[in-house]
Amino acid sequence: MTLTLDEFRERTKEFLADNAVPRNEPPVEWNEESLVAECRRFHGALADAGLGGITYPEEYGGLSLDKSYVEVFNQELSQYQAPLVPAAISHGMCLPVMNDFGTPEQRTRHQAAIIRCDEIWCQMFSEPGAGSDVASLATRAVRDGDEWVLNGQKVWTSGAQYCDYGLCVARTDPTQPKHRGLSMFIVDLSLPGVDIRPLRQINGSSHFNEVYLTDVSVGHDCLVGGEGEGWNVAVAMLMYERVAIGAGGTGAMAGRKGSKQLIREAQQRGRAGDPVAREALADLYIRERIQSFIGMRIRQAAESGRAPGPEGSIAKLNAAILSRQAADVAIELAGPSGQAWEAEDGDGGQWADAVISSPGMGIAGGTNEVQRNIIGERVLGLPKEPDPYKGQPWEAVPRS
Ligand SMILES: Cc1cc2nc3c(=O)[nH]c(=O)nc-3n(C[C@H](O)[C@H](O)[C@H](O)COP(=O)(O)OP(=O)(O)OC[C@H]3O[C@@H](n4cnc5c(N)ncnc54)[C@H](O)[C@@H]3O)c2cc1C
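Please read all numbers here as calculations on a predicted model, not as lab measurements. (Residues numbered from 1 in each chain as written. Predicted model: local features only at pLDDT ≥ 70, side-chain atom pairs only at ≥ 80, totals over all residues. Heavy atoms only, no water.)

Student: Explain the overall build of the protein chain to me, please; I cannot follow it from the model alone.
Tutor: The helix and strand inventory of the protein chain stands at eleven helices and ten strands. Taking 21 Å as the expected radius of gyration for a compact globule of 400 residues, we find that the protein chain reaches 22 Å, a close match to that expectation. Dimensions of the protein chain, computed from C-alpha atoms along their principal axes, come out at roughly 70 × 50 × 45 Å. When burial is assessed residue by residue, the protein chain has 46% of its 400 residues classed as buried. (Helix = DSSP H or I, 4+ residues; strand = E, 2+ residues; numbered from the N terminus. Rg over C-alpha atoms; globule rule 2.2 N^0.38 Å. Buried < 20%, exposed > 50% of the residue type's maximum accessible area, 1.4 Å probe, protein only.)

Student: Just checking my understanding: could you explain the site of the ligand for this structure?
Tutor: Neighbouring residues of the ligand: 18 residues in total, closest S132, W156, S158, T367 and E369. Within the contact set of the ligand, an oxygen atom lies 2.6 Å away from a side-chain nitrogen or oxygen of E369. Take N373: an N or O atom from its side chain is 3.1 Å from a nitrogen atom of the ligand. Here the ligand, which alone exposes 980 Å², has 67% of that area covered by the protein. Among the elements of the structure, β5 (147-158) and α11 (368-379) are those that each provide at least two residues to the shell around the ligand. Among the residues forming the shell around the ligand, the class breakdown is six nonpolar, ten polar and two charged. (Near = heavy atom within 4 Å. Polar contact = N/O pair within 3.5 Å; in protein donor to acceptor, adjacent residues only side chain to side chain. Areas by Shrake-Rupley, 256 points an atom, 1.4 Å probe, with all protein chains shown as cover. Nonpolar A, V, L, I, M, F, W, Y, C, P; charged D, E, K, R; others polar.)

Student: It is not clear to me how the pairing of β5 should be interpreted in this structure. Could you clarify?
Tutor: For a regular strand, side-chain orientation follows a simple rule: the groups alternate between the two sheet faces. In this sheet, β5 lies alongside strand β4 (residues 140-144) in antiparallel orientation, the contact comprising five bridges. Pairing of V142 across the sheet is with V149, part of β5. In this structure, the hairpin formed by β4 and β5 is closed by a connection of two residues, where G145 is found at a positive phi of approximately 65 degrees. Examined bridge by bridge, β5 and strand β9 (residues 208-219) share nine bridges and lie antiparallel to one another. Note on β9: the bridge partner recorded for Q153 is Y212. (Pairing = 2+ DSSP bridges.)

Student: Could you clarify how one ought to interpret the environment of R378 in this entry?
Tutor: Tracing the chain through its elements places R378 in helix α11. The spatial distance from the C-alpha of R378 to the C-alpha of G365 is 17 Å, given a sequence separation of 13 residues. Beyond its immediate sequence surroundings of up to four residues, R378 is in contact with M239 and P310. (Contact = heavy atoms within 4.5 Å.)

Student: Could you clarify how one ought to interpret the domain arrangement of the protein chain in this entry?
Tutor: Many structure descriptions define interface size as the accessible area lost when the parts assemble. Domain parsing of the protein chain yields domain 1 (5-119), domain 2 (122-233) and domain 3 (255-379). On the side of domain 2, 17 residues touch domain 1, which itself brings 16 residues to the contact. Of the roughly 1300 Å² buried at the junction of domain 1 and domain 2 (both faces included), carbon and sulfur atoms supply 64%. In terms of surface lost to domain 2, no three residues of domain 1 exceed I89, F101 and Q106, which account for 33% of the buried area on that side. (Domains from an automatic or database assignment. Buried area = accessible area lost by both parts, 1.4 Å probe.)

Student: Is there a simple way to explain the pattern of salt bridges in this structure?
Tutor: Opposite charge on two side chains permits them to pair, given that their charged atoms come into close proximity. Applying the stated rule across the entire model yields 14 salt bridges. Close ionic contact of D133 with K178 constitutes a salt bridge, the shortest N to O distance being 3.0 Å. Of this pair, D133 sits in the loop between β3 (121-124) and β4 while K178 sits in the loop between β6 (165-171) and β7 (182-188), placing them 45 residues apart in sequence. In this structure D133 comes out as partly exposed when scored by relative accessible area, which is 37%. Note that R197 is salt-bridged to D195, the shortest N-O span being 2.9 Å. Residues joined in a network through salt bridges with shared partners are R9, K13 and E76. (Salt bridge = Lys/Arg side-chain N within 4 Å of Asp/Glu carboxyl O.)

Next up, the structure:
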């Protein structure tokens, strides 16, 4: 692929003009079904236009270009409303993990399909008894000839209701300490024994699910990264997740009102001279600037070929705090219309929705407390949390 950055920018501009709605036009009304369909169409067209999978190898459906092209693409994309959210985990986490850990056969089979959104993937880590301490998970995978048979329950699985595949971490050796006996599997969500049950959230949507696995048989060729290597693959995936949320590259922050829009809102509501509103907006602006510097640092590290490290936790923590702070400022500016609105009041419900949805950012991808632990241990060099069961076989550790 020999496109200069300028040629690439021109091609991106043309594509977006034909395939997306400018950000300054009224918001596109998508329901889940139309959003997913539009996401698949958009990414398929993007790949057909020679713009999909920018940094991934050509032989696996990408363009083999460097990260400066991603930067250009994102600059242009920021001017448009694009249906990216359903593929945020698929592209932000599953795709880089398959690129890093997939066998050549797995990559040939899936990578281009993920790029095009012919396949959308989800992340199957959390369980009712294993969230922050995900390494203690109990879903079992037992070898049976050329197959592995999976039994267990996952929870909070974002997007499973429309996804085609999941990357599922399961316990393959309970006699090993908890981090060691894990393996990562590709699970086709249409297989018999996979039961996906949506969970209803406080904001009215059903973004995530419980996924029950009952005698689900997957081939040995669905093992990613090798038997017993699941924790390494999972850690890489969590790093990609924190960077994706923190650096804002996958639409994870989409929909949040930033200080610019809120300043406009304050002006329209006659609050621009109010010292309380001004102070809150200034604080928000400062934290946004900090976030953009952290994002810059992460992108530069990635450009120089470094794998994402604990700076992903700094970015993710700040993004979660920022999201909540922005929602608080927005609801303060909205006044009573943030609590009660008419059905026909176009932007009425969005204020309340931002307030009840934003705390989720401080939980997804590891809670704020867990990010602080990681920063404490890996950045500040503080002692690790004590673990009385360290080194003991998983099956010998008591669980509730
Ligand atoms: C919007 C959203 C999307 C999600 N999507 C997915 C998904 O697609 N796939 C998936 O697998 N999971 C997903 N999750 C689940 C998410 O990863 C877990 O909710 C998260 O890791 C926390 O686990 P938990 O809910 O079991 O809480 P727990 O681990 O039970 O934590 C409960 C409380 O204890 C605190 N705590 C726990 N351990 C410590 C500690 N060592 N030190 C200090 N405090 C601690 C936590 O901070 C928290 O406040 C999603 C969650 C959300 C909110």
